[in-house]
Amino acid sequence: MLVLTDGSEEDGLPVVDLYPWQARIGTVKPIVARVGDRERTVRVRIPAGVTNRAKLRLPGQGLPDATTGRPGDLTVRVRINTRRPVAHLIVAAVVLAGTSSNAQLVSLLLGTIWVLITLAAGYLRATAGQTRAKPSFTQDLRHNICAFGIRYLAPVGAALAFFVLLAIYLTLFGDSLSLSWLRDMERLFNDVSAFFSDELQLSEAGVLLVLGAVYLVSVWLLSTWSRWRLRLARILRRVVDAYCDWSGPLGAGLATLAALTFFGVHLGQPAADVQLRIDATQDGYAAVAQRAQAELSQRVTEQLLSKAKDSLPPPYRDALNLPPHVSTAVAGIAAHPQYRLRTSSAQNMFIRESTRAQQAEQVPETLRVEEPATTPYIPPDTTPGEVRTAREAFGQVSHRAGTDLIDSGRKKFVLQVQKLVSEQLRAVTRPLTDAYPILDPLIQVVTEAVDQSVQDRLGVSYDRIMDTALHDPDQLGSMVSSEAEAIVSATDLSGPLSRAGPYAEQTSTDLRNTLNTLQAGQADIERRAQADSALMDRLIPQLGAPSEYTRVWALDQLLDLGPRVDATHLGQLVTNMRGFGLDHQYAAYVVGHLDSPLVDAALRGEARRICGCAH
């Protein structure tokens, strides 16, 4: 084989189409070439480094010499195609990108259609300009299959390509699209899909079935009509001629209609994807808005409580630490139910504090002022990416779990505020202030301070925080802190403090008097309990004394103690009663006749049977 340099172009030379990489490394390429009046397939060996429009001489592949009869040479021209590789790369990139989106199956179908169109176009280029001495049904059939295949597949491929590009666009840039643009896109997709599915009432299967029938009939008639037309009647011939003339435009129209039907009906899928993106954006924005409102309200409430506490009289601030001591005194008195305080006022005070302690047990440790369920306004230019970044930024902001209100010694009560509203704050803390009145003046100052001006400042600060979260999330933490401090600094507490000051002093005085009374009563009861315990320690052994007089005297003393006999000494009496010592009948008599709530009916009956005094 000889590689010739580029020369003047000669018409009628067979052409070898090569890709750039084939020309660079060399290959073997079969072509269909006409030699004389015959067509045959010739295998052309392409040397490495061949250039565009070069001529290749194929020895022994041409016409035979008229004198010697030896086969001559066949010359072919090289054509390096630089456009088709680029198109193939673009389609391959689109198909690969589509497989990573929500249109995997459509992307694979697009790749299949592109391969079919490429094969059909290659066949048509290879057979272009060839003439035949007589018709060939097989060659006509191949030609028409490829020609009509390209005509029918091109519109469908275009619709699939647009569908895949749309899916890729939503995957790559969906997070940067504004919410208003997403809503307009969803509305458009739904309208187009509803038009094709509801108005036209076309099904993909029906359109594709008609298209396939037209395609097959057209290929068959155009391939066989040259042999059959003389055998058909005049009317049938006219019908077939008309069909053959109009089958091309009809097929192209049906292919376009099939493509539009596919695209229109399946627009519901990207519409659903857009709707999911819209829903995620709305839900994410609502979560960000709720977090922004909660963080701002919690910090403002915490700082307002601290500011109000520091501004109230010092005796009141000290009295806020007394509830644990009151709880300890009440528990100490309740540990000796057989004793009563010496004065009725002290006893009533004990009953009152016990009732409050029971009320406090019913109050949850975390008091929540929750935000009413509302749908926040979302700016139209908000994008899903901004919302996701804002949520991540709030994840880096230190979260306030709650503000400590009071420690009772048994429970620590914490206040969580999602939205600072004075009426709701008052209602949520009411059960706690009923149990601990010392807390009421502090809550009163804060609820009175949260007036309409504070609400307005909260609204302005909330808007600033949301704007920072969406557009400058790195500054979110400092923005929340500075906005809360600015609101508290601008809040005037002088009026509420002047009204709550006397009340705070009165409640602190009452709490101190209550604590002093209960602690004195607890100490008195503990002294009496210790004295009675020491007395019982001496009396119980004397129930087994040798002297009957001593035993009877000890018995009378124990019965006089009555309800002051504690569980420990009652247990000793029961043990002695069930034994076989000298004192078991005396111990049984004491248990059987003791006026104590610790002795139930069964134990009392057993004791009386042992001592023989059942009646």
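Everything here concerns the structure above.
Residues numbered from 1 in each chain as written. Predicted model: local features only at pLDDT ≥ 70, side-chain atom pairs only at ≥ 80, totals over all residues. Heavy atoms only, no water.

Moving on, we come to the overall build of the protein chain. The helix and strand tally for the protein chain stands at 21 helices and nine strands. Burial analysis of the protein chain (615 residues in total) assigns 40% to the buried set. Taking all contacts inside the protein chain whose residues are at least 6 apart in sequence as the whole, residues at least 24 apart take part in 74%. Accessible surface, the protein chain: about 32,900 Å² in total, of which carbon and sulfur atoms supply 56%. (Helix = DSSP H or I, 4+ residues; strand = E, 2+ residues; numbered from the N terminus. Buried < 20%, exposed > 50% of the residue type's maximum accessible area, 1.4 Å probe, protein only. Contact = heavy atoms within 4.5 Å. Areas by Shrake-Rupley, 256 points an atom, 1.4 Å probe, with all protein chains shown as cover.)

Inspection of every chain in the model, using the stated rule, returns 14 salt bridges. A salt bridge links E483 to R464; its shortest N-O distance comes to 3.5 Å. Here E483 is found in helix α16 (residues 476-490), whereas its partner R464 is found in helix α15 (residues 452-471), with 19 residues between them in sequence. When its relative accessible area of 8% is taken as the criterion, E483 is described as buried. For R464, a relative accessible area of 46% translates into the label partly exposed. Put simply, R578 and E606 hold a salt bridge, and the shortest N to O gap is 3.0 Å. Highlighted residues: R578 in the loop between α19 (567-577) and α20 (584-593) and E606 in helix α21 (residues 601-611), separated in sequence by 28 residues. Of the residues examined, R578 reaches a relative accessible area of 49% and is grouped as partly exposed. (Salt bridge = Lys/Arg side-chain N within 4 Å of Asp/Glu carboxyl O.)

A word on the packing of α20 against α21. Contact pair α20 / α21: the axes reach a minimum separation of 8 Å and the direction vectors enclose 145°. α21 is crossed by α20, and the crossing has left-handed handedness. The residues of α21 that touch α20, namely those facing H584, Q585, A588, Y589, V591, G592 and H593, are L603, R604, A607, R608, I610 and C611. Grouping the amino acids of the contact of α20 with α21 by side-chain chemistry returns seven nonpolar, four polar and two charged. (Axes fitted to C-alpha atoms, helices over the stretch in contact; angles between N-to-C directions. Left-handed = near helix turned anticlockwise from the far one by under 90°. Nonpolar A, V, L, I, M, F, W, Y, C, P; charged D, E, K, R; others polar.)

If you check the backbone angles, R53 has positive phi at about 65° while not being a glycine. Overall, R53 belongs to the partly exposed group, its relative accessible area being 42%.

Time to look at the sheet that holds strand β7 (residues 366-369). Note on sheets: strands pair through backbone hydrogen bonds, and any given pair is parallel or antiparallel. Here we have three strands laid out as an open sheet, ordered β7-β9-β8, and mixed in their pairing. Of all strands in the sheet, those with a lone pairing partner are β7 and β8 (403-407), marking the two edges. Across the sheet, the axes of successive neighbouring strands diverge by a mean angle of 20°, strand direction being ignored. Relative to strand β9 (residues 412-417), β8 runs antiparallel, the two being bridged by four bridges. Residue pairing in the sheet places T403 in a bridge with L415 of β9. Together, β7, β8 and β9 form the strand contacts of helix α13 (residues 422-435), whose direction differs from that of β7 by roughly 160°. (Pairing = 2+ DSSP bridges.)

Side chains of D463, D467, D472 and D474 sit close together on the surface and give a patch of like negative charge. In this structure, D463 sits in helix α15. (Patch = residues over 30% accessible without salt bridge, like charges linked within 9 Å, V, L, I, M, F, W, Y side chains within 5 Å. Lys, Arg positive; Asp, Glu negative; His and termini not counted. Charge placed at Lys NZ, Arg CZ, Asp CG, Glu CD.)

Let us now look at the environment of D381. Positionally, D381 belongs in the loop between β7 and α12 (384-396). D381 sits 202 residues away from L179 along the chain, and the two C-alpha atoms are 5.9 Å apart.

Formed by 78 residues in total, the largest nonpolar core has its most connected members in V300 and L432. The leading source of residues in this core is helix α8 (residues 268-311), at 11 residues. Excluding its chain neighbours within four sequence positions, the residues that come into contact with L432 are V363, L367, L405, I406, F413 and L439. Counting 24 residues, the second largest nonpolar core, distinct from the first, contains V565, L570, A588 and C611. (Core = buried A, V, L, I, M, F, W, Y, C linked by side-chain atoms within 4.5 Å.)

Per the counting criterion, the structure on display carries two aromatic pairs. The interplanar angle of 40° and the centroid separation of 5.4 Å between the aromatic rings of Y169 and F173 together place this pair among those described as tilted. Remark: F173 and Y169 occur in helix α4 (residues 137-173); sequence separation between them is four residues, near one turn of the helix. On the basis of relative accessibility, which here comes to 42%, the residue F173 falls in the partly exposed class. (Phe/Tyr/Trp six-rings, centres within 6.5 Å; stacked < 30°, edge-to-face > 60°.)

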